[in-house]
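# Tertiary structure, described
Chain by chain, the residues:
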Amino acid sequence: MNERPALDVLNVFCGADGRHGSALGVVRDPRAHPDQASRQALAAELGFSRTVFVDDPERGVVDIHAPGLRLPFAGHPLVGAAWLLDLEELNPEAGPVWARNDGEFTWITARAPWAPPTVIEQYATPDEVDALPAPPPGEGRLYAWAWEDEAAGRVRARAFPRRDGPIVEEEATGSAALLLTDGLGRALNITQGRGSQILTAPGPGGEVEIGGRVRLAAAAPVLVPVPPPAAVPRRRLSVAQALKAMS
């Protein structure tokens, strides 16, 4: 019987109180899953919105998977991997991504064309965003947002994949925050999901910096896969929630 690889589980884009964030599985030794089919099978089994396979920890070569989908770029997996591996450069399929850590936040620099196609829809108030069903009607990946304080750049947002699969709502999505920041052309402080926080800032040459807090939910090895902390009825507890419940 094949053994499950050692797995680090992170919560990325945590709130100021260290809670929430989007769960991420990181396989630092993926030799047992060398091909895309086996990686997809593991990502689907684990059930996280994203799983990262570290193919070269020194050069930061990473392979990002969602259940049923391989991604050339994704925000919270790269922020989490940069924090865990303590690297200044990551190399996903999309291209080189610079990273830095300022003590509280880990940052990556990326380009809007790398983000997957997303419907960015503005609502009049944060209450309208909060009132959306999960998922809202319609097709295509949706990032719903409203100003909480436009002068201060504070945004309320929620994200919905709106495609077949177990993930109904994404707790914190760096790629959608990247697109919103690029479109507005200004720095943002985004509260997404149940209380996750994403910071962004536009840079030169069309680049955008994306930052957030990262917390280790469970260090390798993890023997039992636990899905991310998205507040949807078809999900189970996050690792952090499970550990808290056991204490």
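Throughout what follows, the structure given in this document is the object of discussion. Sequence order sets the numbering: in each chain, residues are counted from 1 along the sequence as written. Two thresholds apply to this predicted model, a pLDDT of at least 70 for residue-level local features and 80 or more for giving and counting side-chain atom pairs, whereas whole-chain, interface and lining totals are computed over all residues. Side-chain numbers come from the whole structure's heavy atoms, not from hydrogens or water.

Time to look at the overall build of the protein. Helix and strand assignments follow DSSP, with helices taken as H or I runs no shorter than four residues and strands as E runs no shorter than two, numbered in order from the N terminus. Scanning the protein for helices and strands turns up five helices and 14 strands. We call a residue buried when its accessible area falls under 20% of the maximum for its residue type, exposed when it is over 50%, and partly exposed in between, using a 1.4 Å probe and counting protein chains only. In the protein, which comprises 247 residues, the proportion classed as buried is 54%. Throughout, a residue-residue contact means that at least one pair of heavy atoms, one from each residue, lies within 4.5 Å. For the protein, the share of sequence-separated contacts (at least 6 apart) that also reach a separation of at least 24 residues comes to 58%. With the model as given, the accessible surface of the protein reaches about 11100 Å², and the carbon-plus-sulfur share is 52%. Reported accessibility uses the Shrake-Rupley method at a 1.4 Å probe radius. Residues are deemed covered only where the shown protein chains occlude them.

Here the focus is the side chain of Gln197. Relative to the assigned elements, Gln197 resides in strand 13 (residues 196-202). Overall, the relative accessible area of 14% leaves Gln197 in the buried class. In terms of polar contacts, Gln197 uses its side chain to reach the side chain of Asn189, at 3.0 Å. Here a polar contact means two N or O atoms within 3.5 Å. Within protein one must be a hydrogen donor candidate and the other an acceptor candidate, and residues neighboring in sequence count only if both atoms are side-chain atoms. There is a polar contact of 2.5 Å between the side chain of Gln197 and the side chain of Arg213.

We now examine helix 1 (residues 36-46). Among the residues of helix 1, those classed as buried are Ser38, Arg39, Gln40, Leu42, Ala43 and Leu46. Among the structural elements, strand 2 (22-27), strand 3 (50-56), strand 4 (61-66) and strand 5 (69-71) are those in contact with the buried residues of helix 1. Where helix 1 begins, one side-chain oxygen reaches toward the backbone nitrogen of Ala37, 3.2 Å away; that side chain belongs to Asp35. Of the residues trailing helix 1, Gly47 is marked for its positive phi of about 85°.

Take the side chain of Thr200 next. In this structure, Thr200 sits in strand 13. Given the relative accessible area of 3%, Thr200 is considered buried. A polar side-chain atom of Thr200 sits 2.6 Å from a polar atom in the side chain of Thr181. In this structure, Thr200 is in contact with Ala177, Thr181, Arg186, Ala187, Leu188, Val208, Glu209 and Ile210, ignoring residues within four places of it in sequence.

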